[in-house]
Amino acid sequence: MKAERKYQIIKELLDHHGNKKRAALALGITVRQVNRLLKMYQAQGKAAFIHGNKDRLPVNHLTTEINKQIVTLYQTKYQGANFKHYTELLASREQIQASYTSVYQRCQ
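Analysis parameters
Residue indices follow the written sequence of each chain, beginning from 1 at its first position. The predicted nature of this model means local features are confined to residues of pLDDT at least 70 and side-chain atom pairs, given and counted, to a pLDDT of 80 or more, with totals for whole chains, interfaces and linings taken over all residues. Only hydrogens and water are set aside; all other atoms, that is, all heavy atoms of the structure, feed into the side-chain values. Strands here mean DSSP runs of E at least two residues long; helices mean DSSP runs of H or I at least four residues long; both are numbered from the N terminus. Burial classification: accessible surface area is computed with a 1.4 Å probe over protein chains only, and a residue below 20% of its type maximum counts as buried, one above 50% as exposed, and the rest as partly exposed. Contacts: residue pairs with any heavy atoms within 4.5 Å of one another.

> I tried to follow the environment of Glu88 on my own but got confused; where do I start?
Mapped onto the fold, Glu88 is located in helix H5 (residues 83–93). Accessibility expressed as a relative area gives 44% for Glu88, which makes it partly exposed. Between the alpha carbons of Glu88 and Ala24 there is a distance of 52 Å; along the sequence they are 64 residues apart.

Pasting the structure below:
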């Protein structure tokens, strides 16, 4: 569900002293969750509806430079290795920690 829609319904509910049950049905959540959203909105405003992980990179994110390095090394230095072995070689010799799936997707 879009955060904007949640925001509009909760704002409308608070501004016009609307019905919590009707808001809960519109959002597809319980009245208890509506109460939680109301408290969050009163404390934080519109920012309460923005996901906490917005604009954060995943922990296992590889930079563009590392991705290019993985491909270059595979095409030059470790050309004959299979992907599993290449992943192990990257970890032991090049100190690059990458999963098998990441290596496979970049080098195939």
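> For this particular structure, what's the right way to read unusual backbone geometry?
With the exception of glycine, most residues fall at negative phi, and the peptide bonds are largely trans. At His17, a position not held by glycine, the phi torsion is positive, near 50 degrees. With respect to the helices and strands, His17 occurs in the loop between helix H1 (3–15) and helix H2 (20–27).

> Is there a simple way to think about the side chain of Asn67 in this case?
Tracing the sequence through the fold places Asn67 in helix H4 (residues 64–75). The exposure class assigned to Asn67 is buried, which follows from its relative accessible area of 19%. Once residues lying within four places of it in the same chain are set aside, the contact partners of Asn67 are Leu62 and Arg106.

Taken by themselves, the reported measurements are silent on function.
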